[in-house]
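# Reading the structure
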Amino acid sequence: MNFRPQHLILLLVVLFIMPWYEFTDGFFKFSWLSLGYFVAEESAPLYFQMVNHDKVWLYLVAGPYVLLAVANAFTLKLRSDYEANIHLGLAALGLFALMMQGMLINDFGPVFLALNAFLPLDAYQIGMGYGALLLSVIYIYYVASAFAHKGMMKGDLFSTYALFLIVFLVSVFVIFPVLNILSRAFLDSDTGYSLAVFSERIFNRNIWGLGCIGLGSGYCGVATSTAFLAVMTGLSTTFLGLCFALVITRTNFKWRGRLKALSLLPIITPPFVVGMVLIMLLGRSGIVTKFIESVFGVELGGWIYGFWGLWIAQTLAYTPIAFMVLIGVVQGVGPSYEEASTTLNASPFRTFRFVTLPLIKPGLANAFLLGFVESMADLGNALLIGGDFPVLSAQIFYAVAGASSSTGKAAALVVSLLIFTITAFLIQRYWVGRKTYATVTGKGDGGSNQSLPKWVKNISLSVALLWSVFTISIYLLILISGFVETWGSDYSLTFKHYITAFDFNIVNSHLMATGVAWDSLITTLWLALLAMPLTTALGLATGYLLTRQQFAFKSAFEFSTMLSFAIPGIVIGFSYVVAFNQAPIDLTYTGIIIVVCFMFRNMPVGVRSSIAALKQLDPGLDEASFTLGASNLRSIRTVILPLIKPAVFSALVYSFIRSITSVSAVIFLVSADYNLASAYIIGLVENNEFGVPIAYSTTLIFIMGIAIFGLNQLVGKRTLFKPSTNGAS
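Residues numbered from 1 in each chain as written. Predicted model: local features only at pLDDT ≥ 70, side-chain atom pairs only at ≥ 80, totals over all residues. Heavy atoms only, no water.

Moving on, we get to unusual backbone geometry. Excluding glycine, a negative phi dihedral is what most residues carry, and trans is how most peptide bonds are arranged. With an omega dihedral of 10 degrees, the bond running from Ala583 to Pro584 counts as a cis peptide bond. The topology assignment puts Pro584 in the loop between strand S9 (581-582) and strand S10 (585-586). Of note, Lys154 is a non-glycine position whose phi angle comes to about 60 degrees, a positive value. The backbone of Phe553 shows a phi angle near 60 degrees, a positive value even though the residue is not glycine. For Phe553, the position within the fold is in the loop between helix H22 (518-548) and helix H23 (554-566). (Helix = DSSP H or I, 4+ residues; strand = E, 2+ residues; numbered from the N terminus.)

For the rest of this paragraph, the subject is the nonpolar core. Of all hydrophobic cores here, the largest spans 204 residues; its most connected members are Tyr576 and Phe600. Examining the composition of this core, we find that 14 residues originate from one element, helix H25 (residues 591-614), more than from any other. Leave out the neighbours within four places in its chain, and Phe600 touches Leu169, Val170, Phe173, Val174, Leu538, Ser564 and Tyr576. One finds Phe198, Ile202, Ala412 and Val415 within the second-largest nonpolar core, a separate group that totals six residues. (Core = buried A, V, L, I, M, F, W, Y, C linked by side-chain atoms within 4.5 Å. Buried < 20%, exposed > 50% of the residue type's maximum accessible area, 1.4 Å probe, protein only. Contact = heavy atoms within 4.5 Å.)

Once that is clear, we can look at H23. Compared with the 18 Å implied by 1.5 Å per residue over 13 residues, the 19 Å span of H23 between its first and last C-alpha is a close match. By the largest-angle criterion, Ser560 marks the main kink of H23, which is about 30 degrees. (Expected span 1.5 Å × (residues − 1). Bend = angle between axes of the 7 residues up to and from the residue.)

Counted under the stated rule, the structure contains three salt bridges. One salt bridge connects Lys496 with Glu485, and the closest N-O pair in it is separated by 2.8 Å. Of this pair, Lys496 sits in helix H21 (residues 496-502) while Glu485 sits in strand S5 (residues 484-486); the two residues are 11 residues apart in sequence, bridging distant segments of the chain. (Salt bridge = Lys/Arg side-chain N within 4 Å of Asp/Glu carboxyl O.)

A few words on the pairing of strand S7 (residues 504-507). Looking at chain direction, S7 and strand S8 (residues 510-513) are connected through four bridges and run antiparallel. Each bridged residue has a counterpart across the sheet, and for Phe504 the counterpart in S8 is Ala513. Linking S7 back to S8 in an antiparallel pair, the connection comprises two residues, with Asn508 at a positive phi of about 55 degrees. (Pairing = 2+ DSSP bridges.)

This part takes up the packing of aromatic side chains. Summed over the entire model, instances satisfying the criterion amount to 35 aromatic pairs. Between the aromatic rings of Tyr576 and Phe580, the centroid separation amounts to 5.1 Å while the plane-to-plane angle is 70 degrees, which identifies the pairing as edge-to-face. The pair formed by Tyr576 and Phe580 is uniform in burial state, with each residue classed as buried. Ring pairs connect the aromatic residues Tyr65, Tyr139, Tyr141, Tyr142 and Tyr161, which therefore count as one cluster. Stacked on the ring of Tyr124, the Lys or Arg Lys55 has its end atom at 5.4 Å from the ring centre. (Phe/Tyr/Trp six-rings, centres within 6.5 Å; stacked < 30°, edge-to-face > 60°. Lys NZ or Arg CZ within 6 Å of the ring centre and 35° of its normal.)

Every α-helix winds through 3.6 residues per turn, so residues three or four apart in the chain are directed the same way. Between the first and last C-alpha of helix H11 (residues 271-282) there are 17 Å, a value that for 12 residues agrees with the 16 Å anticipated at 1.5 Å per step. All of the buried residues along H11 are Phe272, Val273, Val274, Gly275, Met276, Val277, Leu278, Ile279, Met280, Leu281 and Leu282.

Let us now look at the packing of H11 against helix H13 (residues 307-331). Across the interface, H11 lies against H13 with an axial gap of 9 Å and an inter-helix angle of 135 degrees. Judged by the angle between their axes, H11 and H13 are oblique. Viewed along their axes, H11 and H13 form a crossing whose handedness is right-handed. Contacts between H11 and H13 involve Pro271, Val274, Gly275 and Leu278 from the first element and Gly309, Ile312, Ala313, Leu316 and Tyr318 from the second. Tallied by class, the residues present in the contact of H11 with H13 amount to seven nonpolar, two polar and no charged. (Axes fitted to C-alpha atoms, helices over the stretch in contact; angles between N-to-C directions. Parallel < 35°, antiparallel > 145°, perpendicular 65-115°, else oblique. Left-handed = near helix turned anticlockwise from the far one by under 90°. Nonpolar A, V, L, I, M, F, W, Y, C, P; charged D, E, K, R; others polar.)

Dropping the structure here:
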C-alpha cells in the first residue's frame, strides 16, 4: 500500500476552500477570499453549506467523494474488476447526485412540491460555482480511471479521461442549453407544456408563407425568405469561389498571388462591416446613390435595405469560405484523369464538363452548404441592411430584445432555423462525406492538368477581376471613410474619429486611455485571448481521440462535437441566456459565459483541422514513442504536437478571429461590464454614426492581421528531416 496525499489535499480544497456557489470573474484575483466568505451563502465552501446553511441534500453529493478520496489516498491502484466496479459506482452516484440536485432545487425552491417533505423549510439554492465544477471534474476522473482499469482505450487513462471530460462539457454547454431553449417552444405561461402550443407557433403563415419569397407580391414567411436568401448566397459564393480557384490554380495570370490574398481579405473583416460600407456606398446618402441621382436624375431610394443589400453583403463576406474549400479540391484533381480524357480525343470543354467538374463535386457541395449555413446564421448584416426583408436571425433577436419580447415565439423561430441548418449539416456529413472522388492514390502522377476551355477561363478571369475591383473599392472606402468628417455631407479630412475612439490623456500625472473604444476593445481582446488556447486544446484533444482511439459510440461522439457548427450563433447566444441565468448554472453578466460561448462555437474547426493533420501522421510514430517508455501525454507533447503545427496555427487563428468578429453568438451575452467590439460598433451604426465605427473596424482589421502574422511566427512551421540525396549524413 502506498500513501498518496494529493487525494486528501484535493478533498480538503473541495470541502473547505472552493466557493460552492456562483462563478465570479475575479476568481484569480482571489477577491472572494474575504473574511466573510466562509459565512456568506453565496461564497461558502461545500462543508459550510451543509453545516451552516442547511443544504442537507449536498451530503448526497459529498459522501461518495469522501469515500473515494480516502480509498484512493491509501491504495496504490485498483487491483480487480470488483474494486473497479465499486469505484465506478461511487463516482457515478456522486456525479448523478450532483447533477440532479442542481436540476431539482433552484432559486425558487424545489421544482416539485413533493420534495418539500424531505427538505428543510425555504430550501433553495443559487447557481453552482467553482466548487461544484471542480467536484464534477474529479468525479469524471474517478469514472474514467475505473473504465481505464476495465480496459477502455487499452487502459490509457489520459485518453479515457479526455473522452469523458469532453462529453461532459459538450453536454453541459451545447446540448443542455439547446434542448432547454427548444423546450420553450412547447411552453405556455398559462397552460404549461403543450403540443398544441408548439403547433400553433410553428405551423403558421408568418413563418412558412410562400407568396413572394421577399421579392414580389404576396405574403412571404420569414423561414421561406431566409431559405431563399441562403440558397442564393450559397450559389453566388460557390460560383465566385470556383472562379477564383480556377484562375489561381489553372491559369498563368500574372497576379495570381495578389488575387488570392485579396480574395481572403474578408476573412479578417467583421461581417457587419460590409453591410456598413454598402450603406455608405449605396444607401440613401451614399456617394454612388447621390452621384446617380445628380447626374441621371434617377431616384434610387433605399433599394439596398432588403434582399439585394443582404445578398451582396453576404456574398462578399462568405466567398472566401467557398474559395478555401474549392482551391484544395481543384488542386487535388489528378492530372492523369484529364490526360486520359484528352488522349481519347475529348475536347477541353468535354474534359472539363465530364471529368473535372464531377471530380470537384464534393467541394462544390461543401462550399454551397457552408455558404447556406453562414447566410442563415448572419445577424450583423440583417440588423444593418435587412430593412423589411424578414430573416430568422433578426426575427429571433427582435423576439428577445424587442419591445414585445416573447421567449416562446423566439424558441419557435429557433426551431425553424435549426430545421434548415441541421438538415444542411446532415447532408454535408452523410451524403458528401460518404461519396468517394479519390484521384490521389499514392502512386506517382507526373502529368500536368489540362488547360481550361477558353470560355471557362475567360469567364472565370472576368468574374474574378470584376469582383476584385468591387472588393478593392469596398476596402478603399473602409480605409478612407475613417478620415472623413461627416459621411454624406462633409468629406473634409480629419483624425477626430480615431481620436474619439482611441484617445489618450494625462489624468493625475498618469497616461490614461480615454477613447470611447478602449473599454470594449480591451475586453474583446482579453476574452478572445483567453478562449483561443482553450478552444484549440479542446479541438485538438477531440481530433486526437477520433483519429487515434477506438471506442463505442464514436460516430455519436463526433457528431456531438461538431453539432455547434450546425447551430447558428444566434441560437447559441439565446440558449445561453435562457439556460445560464439561474440555477443550476448562473453565468449571466460574467465574462466566463462569453469565453465559454467562444470555445464551443469555434471548437469544430479545431476538430476538423486536427483530424486532417493527424490522418497524415503514421500511427507508428505514437507506437514508437510508447515503446521507448513515453506516456501518452508525453508522446502527444513531444511527438505529435510538433508535427501538426499547421493545424495548431489554423485553430488558434480561427478561434481568435471569430471571437473578435462574432456578433450573433454574443449579442445577448454582452453587458455593461463586458461590452464587445462587435456589439458596440453595431449599436453606433444603428444610430446612424459611421465615423467611429469605421475607424474602430479598420483598427480591428489591422489587429487581426498582426495577430495572424505573430501567431504564425510563434507556432512556426513543421520541419521534417529529409536525408540528403548524395548519402551524406
